[in-house]
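# Coordinates in review
The lines below spell out each chain.
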Amino acid sequence: MNNNLSRRLFEEAQKVIPGGVNSPVRSFRGVGGEPPFIMRGRGSRVWDADNNEYVDYLASWGPLVLGHAHPSVVLAVQESASRGTSFGAPTPGEVELARLVCAALPSVELVRLVNSGTEACMSAIRMARAFTGRSKVVKFVGCYHGHSDGLLVKAGSGAATLSVPDSAGVPAAYAGETLLADFNDMDSVREQFAAHRGDIAAVIVEPVAGNMGVVPPGEGFLQGLRDITSEHGALLIFDEVITGFRVAHGGAQGLYGVTPDLTTLGKIIGGGMPIGAYGGRSDVMQQVAPLGPAYQAGTLSGNPVAVAAGIATLKSLELPGVYERLEETAVELTAGLQAAADAHEVPVTVNRVGSLFSMFFNPGPVDGWEAVTRSDAAAYARFFHSMLEQGVYFAPSAFEAAFVSTVHTPEDLELTLAAADAAMEKAAAG
């Protein structure tokens with residue numbers, strides 16, 4: 001596989017960009033080697049600077065549920081950009097996008113558009129603190145909610161990939177307002193509420209963990225969080241940056257039938273463009289300026305081009321049979337990957353919810369952060385590079401999710417599973 005131009009680009013990038021990348025996992029330090037520089041994408045495929053072609057299961061880290069350069073999304077972006085790229089003023093499109101979000105997620109009565117999932121989570125916690133008058137927040141070890149200071153504590157995939165469990169530059173006093181519990185362990189949550197009675201503003205959780213790899217919620221876990229937050233007057237925040245419009249049209253909250261007080265969403269509501277949102281109960285959301293005392297603003301919030309892409313995406317996801325097809329494709333793919341691992345006696349556990357999944361090089365079960373950390377990252381790296389050489393692109397980290405899109409074809413799956421057979425042999429070789 002020719003990668004001369006990508007290598008030269010990476011060398012040049014390191015002269016002007018820290019580590020040569022604008023987001024750490026892209027550096028390939030979790031798997032070794034050098035990253036291909038992607039030039040274009042269409043449907044289920046991407047091409048790098050050296051014109052190598054890949055079946056893509058990264059999907060821009062999840063939001064490209066319709067695949068790359070979907071015609072309706074591209075047309076919406078072109079038409080919107082032709083009218084102007086930014087106004088810093090209200091536009092009709094942001095009202096339509098907000099209506100689509102509220103209609104899909106009944107827990108969301110009011111929604112505020114922002115610029116990223118990080119900003120959405122940061123703002124939702126501010127609303128919870130404003131509403132409750134409390135300062136402390138419970139998060140789960142291995143769950144990532146963006147890189148705002150107070151949430152970079154045991155923050156999952158990106159930090160784990162680089163062997164940095166926490167971040168420098170975060171004041172200890174600020175991080176001290178974040179309390180840790182274990183995903184799928186209600187006893188650890190009860191302990192925090194007992195130790196900090198009357199001080200906890202919110203519990204924030206990925207309802208399906210996606211940033212330590214995909215870890216589904218155990219039986220009764222999400223309902224347990226709903227019950228304990230209601231009992232103690234705290235708010236329940238579902239971080240659906242990954243799961244929203246991915247695992248179901250109504251997100252994980254619709255799939256599991258548990259209603260949070262606040263929900264955060266990410267770039268899937270912008271067709272992969274930079275956007276996010278937070279929303280929920282109207283009495284909580286009325287805390288945000290200009291209605292209330294909690295300030296949050298952004299010149300590019302509700303950017304018309306991102307909004308147009310989001311409207312086109314969410315309308316496409318309303319079409320009949322979309323999620324059924326995603327489910328069928330994901331079931332076939334993950335069953336084949338598990339079979340390839342089993343055939344080569346490689347200890348792999350495939351976790352899947354809807355169209356997102358992870359392969360843990362670990363005999364399992366994988367139901368929380370401690371189990372995730374027992375995975376063989378070196379075996380995953382061997383698997384990853386073998387797949388990449390055969391034209392299949394997974395995440396360059398053993399602790400990330402993979403994603404199926406509506407445009408993955410039977411031919412894509414056939415190519416992927418044939419490659420997986422060889423890659424599992426490489427993984428087993430050690």
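How each quantity is defined
- Residues numbered from 1 in each chain as written.
- Predicted model: local features only at pLDDT ≥ 70, side-chain atom pairs only at ≥ 80, totals over all residues.
- Heavy atoms only, no water.
- Helix = DSSP H or I, 4+ residues; strand = E, 2+ residues; numbered from the N terminus.
- Expected span 1.5 Å × (residues − 1).
- Buried < 20%, exposed > 50% of the residue type's maximum accessible area, 1.4 Å probe, protein only.
- Arc of directions from axis to C-beta.
- Contact = heavy atoms within 4.5 Å.
- pLDDT = per-residue confidence, 0-100.
- Pairing = 2+ DSSP bridges.
- Axes fitted to C-alpha atoms, helices over the stretch in contact; angles between N-to-C directions.
- Salt bridge = Lys/Arg side-chain N within 4 Å of Asp/Glu carboxyl O.
- Polar contact = N/O pair within 3.5 Å; in protein donor to acceptor, adjacent residues only side chain to side chain.

Our focus in this paragraph is helix H2 (residues 71-83). Taking 1.5 Å per residue, 13 residues should reach 18 Å; H2 reaches 19 Å between its end C-alpha atoms and fits that length. Within H2 the residues assigned to the buried category are Val73, Ala76 and Ser80. Angularly, the buried residues of H2 cover 65° about the axis, an arc narrow enough to put them on a single face. Residues of H2 that are exposed and angled more than 90 degrees away from the buried face: Pro71, Gln78 and Ser82. Contact partners of the buried residues in H2: helix H11 (304-317). One or two steps after H2, the chain reaches Gly84, where phi turns positive at roughly 130°.

Turning next to the confidence of the model for the protein chain. Scored by pLDDT, the protein chain comes out at a mean of 94, with 96% of its residues at no less than 70. Scored below 50 in pLDDT, residues 158-165 makes 15 contacts in the model with residues more than four places away or belonging to other chains.

Turning to the sheet that holds strand S6 (residues 178-181), a few remarks are in order. With respect to topology, 7 strands assemble into an open sheet ordered S4-S10-S9-S8-S7-S5-S6, the strand pairing being mixed. Bordering the open sheet on either side are strand S4 (110-114) and S6, each of which pairs with just one other strand. Averaged over all pairs of adjacent strands, the angle between strand axes in this sheet comes to 20°, irrespective of strand direction. Contacting S4 and strand S9 (262-265), helix H3 (residues 92-104) crosses the sheet at an angle of about 125° to S4.

The full count for this structure, using the stated rule, is 12 salt bridges. The partner of Arg45 in a salt bridge is Glu53, with the nearest N and O atoms 2.9 Å apart. Judged by its relative accessible area of 38%, Glu53 is partly exposed. Through salt bridges with shared partners, a single network forms among Arg226, Asp261, Arg281 and Asp283.

Tracing the backbone through its elements, the reader meets His408 in the loop between strand S14 (402-403) and helix H15 (410-429). His408 gets classed as buried once you look at its relative accessible area, which sits at 7%. In terms of polar contacts, His408 uses its side chain to reach the backbone carbonyl oxygen of Asp56, at 2.9 Å. At 2.9 Å, the side chain of His408 forms a polar contact with the backbone nitrogen of Ser405.

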